[in-house]
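Tertiary structure, described
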Amino acid sequence: MMIPVRCFTCGNVIAGDWEEFKERAREGDEDPEAVLDDLGVERQCCRRMLVSHEDLVDVVAPYQ
């Protein structure tokens, strides 16, 4: 789960792309730029939000 759900700058919903980006770019061997291109994230502000996001939900609330 990604918090925030929307890009701070433009307001586009980016949380829907978070899980696939995390699996493919952060935990996989794919280039983050190529993954964002495949997901169709074109705006630089949205790309920055996805690349720089740290998932703290697991740290703050470890029990599901």
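About the cut-offs
Residues numbered from 1 in each chain as written. Predicted model: local features only at pLDDT ≥ 70, side-chain atom pairs only at ≥ 80, totals over all residues. Heavy atoms only, no water. Salt bridge = Lys/Arg side-chain N within 4 Å of Asp/Glu carboxyl O. Helix = DSSP H or I, 4+ residues; strand = E, 2+ residues; numbered from the N terminus. Buried < 20%, exposed > 50% of the residue type's maximum accessible area, 1.4 Å probe, protein only. Axes fitted to C-alpha atoms, helices over the stretch in contact; angles between N-to-C directions. Parallel < 35°, antiparallel > 145°, perpendicular 65-115°, else oblique. Left-handed = near helix turned anticlockwise from the far one by under 90°. Contact = heavy atoms within 4.5 Å. Nonpolar A, V, L, I, M, F, W, Y, C, P; charged D, E, K, R; others polar.

1. Details of the pattern of salt bridges
Under the definition given, this model contains five salt bridges. In this structure, the salt-bridge partner of aspartate 38 is arginine 24, at a minimum N-O distance of 2.8 Å. Here aspartate 38 is found in helix H2 (residues 32-39), whereas its partner arginine 24 is found in helix H1 (residues 15-26), with 14 residues between them in sequence. A salt bridge links arginine 47 to aspartate 37; the nearest nitrogen and oxygen atoms lie 3.1 Å apart. Of this pair, arginine 47 sits in helix H3 (residues 44-52) while aspartate 37 sits in helix H2; the two residues are ten residues apart in sequence, bridging distant segments of the chain. Residue classification places arginine 47 among the buried residues on the basis of a relative accessible area of 12%. Shared partners join several salt bridges into a network, and the residues in it are Glu20, Arg24, Glu30 and Asp38.

2. Here's the deal with the packing of H2 against H3
Interaxial distance between H2 and H3 falls to 11 Å at its minimum, and their mutual angle equals 125°. The angle between H2 and H3 falls in the class oblique. Taken as a pair, H2 and H3 cross one another with a handedness that is right-handed. Contacts from Glu33, Leu36 and Asp37 in H2 reach Arg47, Leu50 and Val51 in H3. Broken down by class, the residue content of the contact of H2 with H3 amounts to three nonpolar, no polar and three charged.

These figures capture arrangement, not role.
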